[in-house]
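Secondary and tertiary structure notes
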Amino acid sequence: TQPGDDTQHGSSVVADVAVLQAISKRVHYGLFVAESKFRAKPEEYTALIRGNDEEGIMRLLTNTAVEERVLRRVRRKAFTFGQDIEADESVLGLSEAESRCGAAEVPASAPLKLDPEAIVRLYHDFIIPLTKEA
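Residues numbered from 1 in each chain as written. Predicted model: local features only at pLDDT ≥ 70, side-chain atom pairs only at ≥ 80, totals over all residues. Heavy atoms only, no water.

Observations concerning a nonpolar patch on the surface
There is a patch of nonpolar side chains on the surface, built from Tyr29, Leu31 and Phe32 and spanning about 320 Å² of accessible area. Relative to the assigned elements, Tyr29 resides in helix α1 (residues 9-40). For Tyr29, a relative accessible area of 42% gives the class partly exposed. (Patch = residues over 30% accessible without salt bridge, like charges linked within 9 Å, V, L, I, M, F, W, Y side chains within 5 Å. Areas by Shrake-Rupley, 256 points an atom, 1.4 Å probe, with all protein chains shown as cover. Salt bridge = Lys/Arg side-chain N within 4 Å of Asp/Glu carboxyl O. Helix = DSSP H or I, 4+ residues; strand = E, 2+ residues; numbered from the N terminus. Buried < 20%, exposed > 50% of the residue type's maximum accessible area, 1.4 Å probe, protein only.)

Structure follows, in structure tokens:
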């Protein structure tokens, strides 16, 4: 085996498939949202469709305030669930008593397993646009 290879390829593939299925599900929710928006303003959408105005359709579909809320929620969840809960207490700055009872909150400087901003960029650059194209 190569250094860094845990030989758990099957487990990795299972996890990858679960992630891709979750992304697919999230993207397909966009179909239902688009249909709901179309039903709310059928005349406006029909005119844009007949005029072949793709940019106008995207403007009508896009709710910037909602997208910003989604990105804030993604950032918060990525930070929360991306923390290294196995980190040594000394790294987290916790006392032995806090560590034993779990009473202390993990500080913002806690080690992370992933960069929350990378997840935000994934949503902003790929997932959210895909929900509008589906």
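Next comes the rest of the write-up.
Considering the nonpolar core
Counting seven residues, the largest nonpolar core is built from Val70, Leu71, Val74, Val120, Tyr123, Ile127 and Ile128. When residues of this core are traced back to their parent elements, those giving at least two are α4 (64-81) and α7 (116-133). Broken down by element, the residue count for this core peaks at four residues, all from α7. If we ignore the near neighbours within four places in the chain, the residues touching Tyr123 are Arg26, Val70, Leu71, Val74, Ile128 and Pro129. (Core = buried A, V, L, I, M, F, W, Y, C linked by side-chain atoms within 4.5 Å. Contact = heavy atoms within 4.5 Å.)

Focus on the confidence of the model for the protein
Low pLDDT marks stretches whose predicted atomic positions should not be read closely. Summing up the model confidence of the protein, the mean pLDDT is 85 and the portion of residues at 70 or higher is 81%. Across the protein, the element-wise mean pLDDT spans from 51 in helix α6 (residues 96-101) up to 97 in helix α2 (residues 42-50). (pLDDT = per-residue confidence, 0-100.)

Examining the pattern of salt bridges
Evaluated as defined, the whole model comprises three salt bridges. With a shortest N-O distance of 2.8 Å, Glu35 and Arg39 are connected by a salt bridge. Here the residue Glu35 and the residue Arg39 both occupy positions in helix α1, the gap between them amounting to four residues, near one helical turn. A relative accessible area of 38% places Glu35 in the partly exposed class. Taking relative accessible area as the criterion, Arg39 reaches 61% and is therefore assigned exposed. Lys132 is the salt-bridge partner of Glu67, the closest N and O atoms lying 2.7 Å from each other. Of this pair, Glu67 sits in helix α4 while Lys132 is found in helix α7, placing the two residues 65 residues apart along the sequence. Overall, Lys132 belongs to the partly exposed group, its relative accessible area being 25%.

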